[in-house]
Amino acid sequence: MLRSMIHRLLMLMVTLVLFSLFVFTLMRLAPGDPASMILLQIGVVPEQSLVAHLQEQWGLDQSFIQQYIAWVHQIFRGELGNSFMSGEPVLNEMIDRLDPTFRLITGSFLLTALISIPVGIWLGLNAGSIPDRVIYSVTILGLSVPLYWLAILIMYVFGVIWPILPVVGSSSALHYVLPITAISIAESVYFIRMVRSYTIQYSKFSYIEAARARGLRPSIFYPSYLFRSMFIPILTLITTSLPSFFGASIITETIFSFPGFGKYMLEAIYRRDFPVIQGSALFVAAFIFVFNFVTDVLFFLTDPRVHLDKQRWEL
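Residues numbered from 1 in each chain as written. Predicted model: local features only at pLDDT ≥ 70, side-chain atom pairs only at ≥ 80, totals over all residues. Heavy atoms only, no water.

### Things to note about the UniProt feature "transmembrane region" (unreviewed entry) in the chain
The UniProt record annotates "transmembrane region" (unreviewed entry) at residues 9-30, 102-123, 135-161, 173-192, 231-256 and 276-302. Spanning residues 231-256, this segment combines 92% helix with 0% strand, and its end C-alpha atoms are found 35 Å apart. Between the C-alpha atoms that bound residues 276-302 there is a distance of 38 Å. The span itself is 100% helix and 0% strand. (UniProt positions renumbered as here; feature names shortened; annotations may be inferred. Helix = DSSP H or I, 4+ residues; strand = E, 2+ residues; numbered from the N terminus.)

### A short note on unusual backbone geometry
One non-glycine residue, Ser257, lies in the positive phi region at around 50°. Mapped onto the elements, Ser257 comes out in the loop between helix 12 (242-255) and helix 13 (261-271). A positive phi angle, near 55°, is found at Arg272, a position not held by glycine.

### Observations concerning the UniProt feature "domain: ABC transmembrane type-1" (unreviewed entry) in the chain
If you check UniProt for "domain: ABC transmembrane type-1" (unreviewed entry), the listed places come out as residues 98-295 in our numbering. Its end C-alpha atoms 22 Å apart, residues 98-295 is made of 81% helix and 0% strand.

### Side note on the side chain of Ser280
Inspection of the secondary structure puts Ser280 in helix 14 (residues 274-302). A relative accessible area of 0% places Ser280 in the buried class. Once residues within four sequence positions are removed from consideration, Ser280 is found in contact with Met94, Phe261, Tyr264 and Met265. (Buried < 20%, exposed > 50% of the residue type's maximum accessible area, 1.4 Å probe, protein only. Contact = heavy atoms within 4.5 Å.)

### A few points about the pattern of salt bridges
Scanning the model with the defined rule gives 5 salt bridges in all. For Arg196, the salt bridge goes to Asp132, with nearest N and O atoms at 2.7 Å. On the criterion of sequence distance, the pair formed by Arg196 in helix 8 (residues 177-203) and Asp132 in helix 6 (residues 130-143) is long-range, its members being 64 residues apart. Arg271 is the partner of Asp273 in a salt bridge, and the nearest nitrogen-oxygen pair spans 3.9 Å. Judged by its relative accessible area of 13%, Arg271 falls in the buried class. (Salt bridge = Lys/Arg side-chain N within 4 Å of Asp/Glu carboxyl O.)

### A short note on the packing of aromatic side chains
Counted by the stated rule, this structure contains 18 aromatic pairs. On the numbers, 6.3 Å between centres and 20° between planes, the contact of Phe221 with Tyr225 is stacked. On the criterion of helical spacing, the pair formed by Phe221 and Tyr225 is a turn pair, its members being 4 residues apart in helix 10 (residues 218-229). Take Phe221: its relative accessible area is 4%, and that puts it in the buried class. Three or more aromatic residues joined by ring pairs form one cluster here, namely Phe24, Phe64, Tyr68 and Trp71. Directly above the aromatic system of Phe24 lies the positively charged group of Arg28, at a separation of 3.8 Å from the ring centroid. (Phe/Tyr/Trp six-rings, centres within 6.5 Å; stacked < 30°, edge-to-face > 60°. Lys NZ or Arg CZ within 6 Å of the ring centre and 35° of its normal.)

### Things to note about the nonpolar core
With 52 residues, the main nonpolar core has Trp58, Met230 and Phe261 as its most contacted residues. Examining the composition of this core, we find that 8 residues originate from one element, helix 8, more than from any other. (Core = buried A, V, L, I, M, F, W, Y, C linked by side-chain atoms within 4.5 Å.)

### Considering the packing of helix 8 against helix 12
A pair of packed helices can be characterised by two numbers: the angle between their axes and the separation between those axes. Two elements in contact, helix 8 and helix 12, have axes whose closest approach is 10 Å; the angle formed by their N-to-C orientations is 145°. Taken as a pair, helix 8 and helix 12 cross one another with a handedness that is right-handed. On the side of helix 8, the interface is formed by Pro179, Ala182, Ile183, Glu187 and Phe191, while helix 12 contributes Ser244, Phe245, Ala248, Ser249 and Thr252. For the contact of helix 8 with helix 12, a count of residues per class yields 6 nonpolar, 3 polar and 1 charged. (Axes fitted to C-alpha atoms, helices over the stretch in contact; angles between N-to-C directions. Left-handed = near helix turned anticlockwise from the far one by under 90°. Nonpolar A, V, L, I, M, F, W, Y, C, P; charged D, E, K, R; others polar.)

### A few points about the side chain of Ser229
With respect to the helices and strands, the residue Ser229 is situated in helix 10. Reaching out from Ser229, the side chain makes a polar contact with the backbone oxygen of Leu226 at a distance of 2.7 Å. In contact with Ser229, other than residues within four places in its own chain, are Tyr202, Tyr207 and Ile208. (Polar contact = N/O pair within 3.5 Å; in protein donor to acceptor, adjacent residues only side chain to side chain.)

### Thoughts on a nonpolar patch on the surface
Taken together, Tyr148, Trp149, Ile152, Leu153 and Ile251 make up a surface patch of nonpolar side chains, about 490 Å² in accessible area. The greatest single-element share of the nonpolar patch, amounting to 4 residues, is contributed by helix 7 (residues 147-161). Along the chain, the position of Trp149 falls in helix 7. Overall, Trp149 belongs to the partly exposed group, its relative accessible area being 47%. (Patch = residues over 30% accessible without salt bridge, like charges linked within 9 Å, V, L, I, M, F, W, Y side chains within 5 Å. Areas by Shrake-Rupley, 256 points an atom, 1.4 Å probe, with all protein chains shown as cover.)

### Overview of the packing of helix 9 (residues 206-213) against helix 10
At a closest axis distance of 10 Å, the pairing of helix 9 and helix 10 adopts a crossing angle of 170°. Of the possible angle classes, the one that applies to helix 9 and helix 10 is roughly antiparallel. For the pair helix 9 and helix 10, the contacting residues are Tyr207, Ile208, Ala211 and Arg212 in the first and Phe221, Tyr225, Leu226 and Ser229 in the second. The class makeup of the residues in the contact of helix 9 with helix 10 is 6 nonpolar, 1 polar and 1 charged. (Parallel < 35°, antiparallel > 145°, perpendicular 65-115°, else oblique.)

### Quick look at helix 5 (residues 90-125)
Between its terminal C-alpha atoms helix 5 stretches 50 Å, which fits the 52 Å expected from 36 residues at 1.5 Å a residue. At Leu98, helix 5 is bent by approximately 35°, the largest bend along its length, and proline Pro100 sits one to four residues beyond. (Expected span 1.5 Å × (residues − 1). Bend = angle between axes of the 7 residues up to and from the residue.)

Put into C-alpha cells, the structure is as follows:
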C-alpha cells in the first residue's frame, strides 16, 4: 500500500505541474490584453505608453518561459502573485472569499445527501410503485432544468412575489438559504436517480436475495447486507460530485451576488486578471487532486480488495 501511495503522490505532482503549464499557456493564448481591459474597466483610455508601462510592471513584456518560471518561483515561495486589478496578494484575496463558498458548498452538499440518499433507497426498495413512478418522473424533469433558471425562479418567488428571504449578499445565515436550496434541488435529482439504481441493482444480487430468503430481520438485513454492499458506489457518487458542487456554486454566487470564491474567479476571467485566474485554478485543481487521493485511500481502507494501483472499480 505504501508503494502505491508514493506512486500516486508522484503522479499527482506531475499532473499538477502539467496542469499549471496548461493553465498558464491558456491564459497567454486567450484574446484580449489585460492592461487594456483593466484600464477600460476603470474608465481610463488605454494609451499605448500606459499599456506598455503596465505590461512592464506586471512582467508581461517578458518571454513565455521567463513568465512561467517567475510564476513557479512565486508558488515555491508560498505566493500566487498580486492581482492586476487590486494590486493585493492573490492568496489573501482567495482566503477572504473561501469561507462563504465553503459554507455554501458544505450546506448544499449535506442537504443533498441527507434528502436524496434516503429517498433514493426508498424508491429503489419500492420500485414500480406509484410514488416511485411520480418521483422518478419529477427527477427526469429536474435534470432538464438548468441551474441558472432554477436559481432565478427561486429568487423571483422568495424575493419578489413572497419576499421573506434576502436574495443578495452573504452577511447572515438567511442569505445562504436560497443559494443552498437551488444547488441542493439541482444536485438531488441526479443523486436520487443514481441511489435508486444502485438499490435496485444490488437488491438483485444472489447473496442479497439469499440473505433475504433466510428471513433476517430488517434491522440486520439492511445495514449488514444491502447498505454495506452499496457503500462503495454511494461513496464514489459522493466523492466524485465535488466538482459538480463547485461548478454549481459559481453559477449561484453570480446570480445571488454572493461574494464567494467562484464569483471571484469568474470576475477575474472577465478582466483577464492572470495571477488571480492562475492561482485560483491551481488551488482548485490541487484541492480536487488531494481529495481524490484521500478518497482512493478511503476506498482501500473500506475494502482491502481494492488496489490503489488500479482504477476504483477494479478489484
